[in-house]
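Architecture at a glance
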Amino acid sequence: MLLIESIYTKLLTHPKLELLSQKTLRERLILYLLQKSAGREDKRVKVPGRVQLAKELECNRSALTREIGLMKEKGLLTCGGDWMELDEEKLKEER
């Protein structure tokens, strides 16, 4: 039992594993942005291009672009050329 708990704890402390364990692309993107902005005052996160970001999230680029568009429509996400910022208040309202 202790071994299982130890392995589980190690899995959760690895950000990439935690990221990829999320069920939906939206959850992955949100967690990615939260991980990148953790401990920073500025919640604006510098992100790679869509192709590279899709590789990091292990998803299809077109699906990522569609999800980003949906999140922008709902006001959950603001994007610039090389940055993204979550609106955490609207995010809490949606859940």
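Here, the structure is the one placed above.
The text that follows walks through the structure, step by step, so that each part is easy to find. This is a predicted model, so every value here is computed, not measured.

Here's the deal with the pattern of salt bridges
- This structure, assessed with the given rule, holds 3 salt bridges.
- For Glu 67, the salt bridge identified is with Arg 26, shortest N-O distance 2.5 Å. You can see Glu 67 sitting in helix α5 (residues 61-73) and its partner Arg 26 sitting in helix α3 (residues 25-37), a full 41 residues away along the chain.
- Among the residues examined, Arg 26 registers a relative accessible area of 16% and is labelled buried.
- Note that Arg 44 and Glu 85 form a salt bridge whose closest N and O atoms lie 3.7 Å from each other. Of this pair, Arg 44 sits in the loop between α3 and β1 (45-46) while Glu 85 sits in strand β3 (residues 83-86), and the two are 41 residues apart along the sequence.

Structural notes on α5
- With 13 residues, α5 ought to run about 18 Å at 1.5 Å a step, and its terminal C-alpha atoms sit 18 Å apart, in line with that.
- Taken together, the buried positions of α5 are occupied by Ala 63, Leu 64, Glu 67, Ile 68 and Met 71. End-on, the buried residues of α5 take up no more than an arc of 135 degrees, which puts them together on one face. The exposed residues of α5 that point more than 90 degrees off its buried face are Arg 66 and Glu 73.

Points about the sheet that holds strand β2 (residues 77-79)
- The sheet built from 3 strands is open, its strands ordered β1-β3-β2 with antiparallel pairing. Bordering the open sheet on either side are β1 and β2, each of which pairs with just one other strand.
- Sheet topology places β1 next to β3; 2 bridges connect them, and they run antiparallel. Across the sheet, Val 45 pairs through a bridge with Met 84, a residue of β3.

Rules and cut-offs
Residues numbered from 1 in each chain as written. Predicted model: local features only at pLDDT ≥ 70, side-chain atom pairs only at ≥ 80, totals over all residues. Heavy atoms only, no water. Salt bridge = Lys/Arg side-chain N within 4 Å of Asp/Glu carboxyl O. Helix = DSSP H or I, 4+ residues; strand = E, 2+ residues; numbered from the N terminus. Buried < 20%, exposed > 50% of the residue type's maximum accessible area, 1.4 Å probe, protein only. Expected span 1.5 Å × (residues − 1). Arc of directions from axis to C-beta. Pairing = 2+ DSSP bridges.

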